Amino acid sequence: MTQMADEISLFDVPHEPSFFIGQVQSDIFDSPDSFYKVLIVSVEDNNFDWTENEITVTGSFGDLRDDQTYRFEGKLVDHPKYGQQFQASSYHVNQPSSRDGVISFLSGKQFPGVGEKTATKIVDALGNDAINKINNDHTVLNSLNLRPAIRQSIIANLTANQGMDQIVIGLNDLGFGSNLASTIFERYGEETLDVISKNPYQLAHDIDGISFQRADQVAAHFDIQADDPRRVDAAIVQALDDLTMMSGDTYTSAPPLLRQCQTLLSQNRSRAVQTDLISERIVALGKKGDIQYENQRIYPRALFDAEFQIANQLNRLMNNSDQSDQQSEIGSVLAKLSTQTGIKYDQHQQEAIKTALRSKLMLLTGGPGTGKTTIIKGIVAGFADMHQLSLDPKEYKEKAFPILLAAPTGRAAKRMSEATDLPASTIHRLLGLNGRESPNELNAKELTGSLLIVDEMSMVDTLLFKVLVQSIPDTMHVVLVGDKDQLPSVGAGQVFHDLLAFDHLPKVELTQIHRQSADSTIISLAHAIKNGRIPSDLTSREADRSFISCRASQVPNAVEQIIKMALKKGYSADDLQILAPMYRGQAGVNHLNELAQQVYNPATSDKTEVEFRGQVFRVGDKVLQLVNSPENNVFNGDIGKITMIEQTKNHKRTTMTIDFDGNEVTYGRMDWNQIRLAYAISIHKAQGSQFKMVVLPLVHEFGRMLQRNLLYTAVTRASSKLVLLGEPQAYLTCINNQSINRHTTLLQRLQSVWGETVNDQSGDGLLTNDNRELSPAHKNNSQETNENQQGETISKTATISGDTHILTAELIRTGAIDPMIGMDGIRPEHSAKSLRLS
Ligand SMILES: Nc1ncnc2c1ncn2[C@@H]1O[C@H](COP(=O)(O)OP(=O)(O)OP(=O)(O)O)[C@@H](O)[C@H]1O
């Protein structure tokens, strides 16, 4: 009996949970869809049996910083495969408790006016728990003879931190780490926990980087049911975003939307959500305007609005055209230009320069070597001449330079600047965007200047173009330049393609190739591919290109030989670029990168290297930036070289320094996921860039990727040498496989705004969920009206009741629901109810 009582009391004794204090050294695994991470963390202090310097930690964490010390609580577990690990149940930033820690905390940035001397004085007087003492009783500072302003600064900032700390701790409990927690706090302030407890899915709507899946995990804390309307609504919005992002279309239809919703809603829940509920919520969201549907098309709100806004804004610009007849003046400007440059412009080129000088807006397209750059230069010079503008940036110290040149990527902007000898920037920078805005935050600021030329227009997506056109003042001339046959933008839409398809915008296509074929057979090859012709010399050896026929398994060896030969001929790693359509496979980007690294930059005892998620980074490696980082002035697609890998003095932090064309950026380990090796890159990432020598392996393994515009884009990246290798049949597949256009309605919006009859393929009445009729013409030119109330400018002629049955009927018509067997992949009993039409 006594023994039993002892045993019980032994187990009952409340004991402190296991904890340790340390800094994150690296993350081994970081789930993209949840907060789950596996980390390596240094151990600075702990209350359980552990003597190693580091420990593997698992759990739900937000974005942890690698220069911050955390306290992790949880338990040590024995994993059958990975051995001993710390399973963290909570974590938070470790409050300083040592004398030095408190002094450096109080003399930190957050307490303006408090230097090390004052902080030391406070700790001397109040001890190491000075922060707690001040928090408990502000008057403890009174006896220290501090200046009143400093005393107030300390109290105010500690109190402010307290409010925020509570919220951040609350967010930590919900699984958010410091970075996300502070973004969330910035957005909602004191209301943060309130907003989240009312509707955790609001996070997915408002905060960039929080997906439905993440919000759904937070929702689990609040016992939100599987079929809660807030949950279903968030899944619909996410599913629409996912589908348009994957396909590049600006809308989708009911069947894929319902399928994608079901997939999202079934994650983490055992109960299925009924199809008729999803349909009902689609209609409700449409009524609220959170999503838009029109005939059989369902759009994310931002994309639906953007297409209207683009059409309206372009209409505004065109309607503000100066009608004065400048024909004779333009003719003499062109003649002068020809004399000055010594270029005899071909007929289309002359037309291009004249149209650009005459019109408010012009589209210029052409394949490689047709003179797009030459014409950009001609337009700039002619425009400056006509408007008596100096092209010397030094003369514009006080004022903004009147000619704006921009391109979608940093590398394309750099090429533009080099070709014109004028400043050029990325479109994002021009618009003051950082590339991390959510669609709702993409706001325009009005540009200043007289002429805007945008190059590489095929890469510009719908949302970015919307902001760009909103930013253009009535008086500015605009020239949009691109190659319509290249790959479309990564983001949704095919803006350049759609604008060219619209009859009312002035446009010129350059067709004559001016680069001598003796100089370049690459250009004639590109033009043949573009036109769907299989050139007879595809596999023959030319001065500037060659073809190596081999199977997928032979590609790595062939690439190795090519690199070695190129090195002997003086082509460095910077000059030679391997391009591939996919990351996976023997001929894919990942494998070829490892191989190229071995040849260009093998391991030696004097080169520092680190391993990160299965990839080795070594000093001297060529690397690619994967995300926009405006604070460091590096952007998605920039290529740099690792110049240093070093450990900080206390050996706690390893940093990697990368030189991007003279701009040196240092990354802590937590940011290494922004980087990958760049000896080989994907063709999509190469858009907007050119390389001296391109090595392009194509094999059948690449499957559906083998399309004409992919091959065309890859081939046109080579400025002087091109090595094609792989299976000849894969090349033929590309040439024969004309890329399918994306599904967009920008052309219809343009036609509608210009008063043309709109040919809507779905054909049964042009009705939208907010009662818009899509014609007649929109005639209002007020920018504000255009942006906010497109619906008001279009007359109302019909009404949709908004009842579920309309959508359900659409679902049946589009095949989403089959009255006999139920919806694809959804059990008949779930869809049966939705067939009962009222
Ligand atoms: N009318 C012309 N007469 C003579 N040479 C010309 C003419 N137009 C262009 N060129 C020359 O043809 C070459 C290709 O022109 P340019 O670089 O402007 O073409 P591009 O369309 O920009 O090509 P890419 O897309 O490949 O960069 C250049 O060397 C240019 O000087």
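The rules behind these values
Residues numbered from 1 in each chain as written. Predicted model: local features only at pLDDT ≥ 70, side-chain atom pairs only at ≥ 80, totals over all residues. Near = placed C-beta within 6 Å. Nonpolar A, V, L, I, M, F, W, Y, C, P; charged D, E, K, R; others polar. Domains from an automatic or database assignment. Axes fitted to C-alpha atoms, helices over the stretch in contact; angles between N-to-C directions. Helix = DSSP H or I, 4+ residues; strand = E, 2+ residues; numbered from the N terminus. Parallel < 35°, antiparallel > 145°, perpendicular 65-115°, else oblique. Left-handed = near helix turned anticlockwise from the far one by under 90°. Contact = placed C-beta atoms within 7 Å. Pairing = 2+ DSSP bridges. Buried ≥ 20, exposed ≤ 12 C-beta atoms within 10 Å, placed from the backbone. UniProt positions renumbered as here; feature names shortened; annotations may be inferred.

Asker: Break down the site of the ligand for me, citing the residues and quoting the values.
Answerer: Around the ligand sit 15 residues, and of these P368, G371, T373, T374 and H514 come closest. Split into classes, the residues belonging to the shell around the ligand amount to three nonpolar, eight polar and four charged.

Asker: Help me get a handle on the domain arrangement of the protein chain, residues and values and all.
Answerer: Parsing the protein chain into structural domains produces domain 1 (19–145), domain 2 (164–299), domain 3 (306–510) and domain 4 (521–736). Placing a centre on the C-alpha atoms of domain 1 and another on those of domain 4 gives a separation of 41 Å.

Asker: Before we move on, could you go through the packing of helix α13 (residues 301–319) against helix α27 (residues 746–753) and cite the residues and values that matter?
Answerer: Look at α13 against α27: their axes get within 8 Å of each other, and the N-to-C directions meet at 40°. It follows from the interaxial angle that α13 and α27 lie oblique. Both α13 and α27 take part in a crossing whose hand is right-handed. Touching E307, F308, I310, A311, N312 and N315 of α13 are L746, R749, L750 and V753, all from α27.

Asker: An account of the sheet that holds strand β21 (residues 639–647) is needed here, citing residue identities and associated values.
Answerer: With respect to topology, five strands assemble into an open sheet ordered β23-β22-β21-β20-β24, the strand pairing being antiparallel. A strand with exactly one partner marks an edge of an open sheet, and here the two such strands are β23 (663–668) and β24 (675–677). In this sheet, adjacent strand axes meet at a mean angle of 40° when their direction is disregarded. Pairing of strand β20 (residues 622–625) with β21 involves three bridges; the strand directions are antiparallel. By the bridge assignment for β21, K622 is matched with K641.

Asker: Pulling in residues and values, what's your account of the pairing of strand β22 (residues 654–660)?
Answerer: In this structure, β21 lies alongside β22, joined through six bridges in antiparallel fashion. Bridge pairing in β22 links I642 to I658. Note that β22 and β23 share six bridges and pair antiparallel. When the sheet's bridge partners are listed, T655 is paired in β23 with G668. Between β22 and β23, which pair antiparallel one after the other, the connecting turn spans two residues, and D661 there sits at a positive phi close to 50°.

Asker: Go over the pairing of β20, please, and point to the residues and values.
Answerer: Of the two faces of β20, the one carrying K622 and L624 and the one carrying V623 and Q625 are both buried. Examined bridge by bridge, β20 and β24 share three bridges and lie antiparallel to one another. Opposite Q625, over in β24, you have I675 as the bridge partner.

Asker: Any details on the UniProt feature "binding site: ATP" (unreviewed entry) in the protein chain? Residues and values, ideally.
Answerer: Those residues carrying the UniProt feature "binding site: ATP" (unreviewed entry) are G369, T370, G371, K372 and T373 in this numbering. By the element assignment, T370 lies in the loop between β10 (361–366) and α16 (372–386). For T370, a count of 24 C-beta atoms within 10 Å translates into the label buried. Contacts of T370, omitting those with residues within four sequence positions, involve L510, T511, Q512, I513 and H514. When sequence neighbours within four positions are dropped, the list of residues in contact with G371 reads Q349, G366, L510 and H514.

Asker: With reference to specific residues and values, describe the sheet that holds strand β15 (residues 507–510).
Answerer: Reading across from one edge, β12-β11-β13-β14-β10-β15 is the order of the six strands in this open sheet, with parallel pairing throughout. At either end of the open sheet lies a strand with only one pairing partner, and these are β12 (425–426) and β15. Alignment of strand β11 (residues 403–407) against β12, held across two bridges, turns out to be parallel. The partner of A407 across the bridge, within β12, is T426. The sheet contacts of helix α15 (residues 347–358) involve β10, β14 (477–482) and β15, and relative to β15 the element is tilted by about 155°. Relative to the sheet, α16 contacts β10, β11, β13 (451–454), β14 and β15, its axis offset from that of β14 by approximately 170°.

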